[in-house]
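Listed below are the residues making up each chain.
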Amino acid sequence: MKKNKKINSLKDQVPSDSKFTFFENVWDVVRLVPKGRVTSYGAIARYLGAAGSSRMVGWAMNAAHGVRPAVPAQRVVNRNGLLTGKHHFGSPEMMQVLLEKEGVEVKEDKVLRFKELFWDPMQEL
DNA sequence: AGTATGACTCATT
DNA sequence: AAATGAGCCATAC
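This text gives an overview of the structure that appears in the document. It should be emphasised that the depicted structure is a prediction, and the values quoted were computed from it without experimental measurement. (Residues numbered from 1 in each chain as written. Chains lettered and ligands numbered in written order. Predicted model: local features only at pLDDT ≥ 70, side-chain atom pairs only at ≥ 80, totals over all residues. Heavy atoms only, no water.)

## Notes on the protein's contact with DNA strand B
- Neighbouring residues of DNA strand B: 19 residues in total, closest Arg 55, Trp 59, Asn 78, Arg 79 and His 88.
- The sugar-phosphate backbone supplies 49% of the atoms of DNA strand B found within 4 Å of the protein.
- Contact between DNA strand B and Gly 58: a base nitrogen at 3.3 Å from a main-chain N or O atom of the residue.
- A distance of 3.2 Å separates a phosphate oxygen of DNA strand B from a polar side-chain atom of Thr 84.
- Of all the secondary-structure elements, those providing two or more residues to the surface near DNA strand B are α3 (41-47) and α4 (54-62).
- Per element, the largest residue contribution to the surface near DNA strand B is 7 residues, and it comes from α4. (Near = heavy atom within 4 Å. Polar contact = N/O pair within 3.5 Å; in protein donor to acceptor, adjacent residues only side chain to side chain. Helix = DSSP H or I, 4+ residues; strand = E, 2+ residues; numbered from the N terminus.)

Encoded structure:
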C-alpha cells in the first residue's frame, strides 16, 4: 500500500542498559534547535528513530525541568504549531513570552509562520 | 499487575 | 473541515 510503516519502536532504538538515553537524546536535539526556530515532538521522535512515540518526547520535556544545561522546551510545539505544552512552564504565558523574546511570533497559542520557522532535525542534521 | 493518563500524530468518519 | 478512534509507550496509582 501507500506506506510501509514498520518503524522502529522506542525499545528497538534504545539499548536496555540506559533508559535515560532517549531523554538525553531528545534534550540534545532540542538544544540544537536554533534560536528563533521551532520544531515538533513528532519530528524529534522520528529523528531519534522512534516515530509514533511522539508522546515520549513530551514526557522527556516534562522531565527536562531542572536539567542542566537548560532545555529550550519552548521551541518544541506540536505539529500544528500550537503551544500545547505552555501549561507546563511556570505560567501559561511564559512559553509564549520566551518564544517572542527569541523572535518567534505567537498568536493565540499558535506559532506564526510555523512552516518557515519549522526546524526539522531530519532535514537539518 | 492492570488501568488510566498524557507537552502527539495519523487515519478514518 | 471538525470530530473520533486508534496507535504509541513511559509513568502514576
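From this point, the discussion proceeds with the structure in view.
## Details of the environment of Leu 48
- For Leu 48, the location among the structural elements is in the loop between α3 and α4.
- Under the relative-accessibility criterion, Leu 48 is labelled buried at 9%.
- Sequence spacing of Leu 48 and Asn 25 is 23 residues, and the spatial spacing of their C-alpha atoms is 7.4 Å. (Buried < 20%, exposed > 50% of the residue type's maximum accessible area, 1.4 Å probe, protein only.)

## Observations concerning unusual backbone geometry
- Between Arg 68 and the following residue, Pro 69, the backbone shows a cis peptide bond with an omega angle of -5°.
- Checked against the element boundaries, Pro 69 lands in the loop between α4 and β2 (76-77).
- Although it is not a glycine, Glu 108 sits at a positive phi angle of roughly 55°.
- Structurally, Glu 108 is set in the loop between β3 (106-107) and β4 (110-111).

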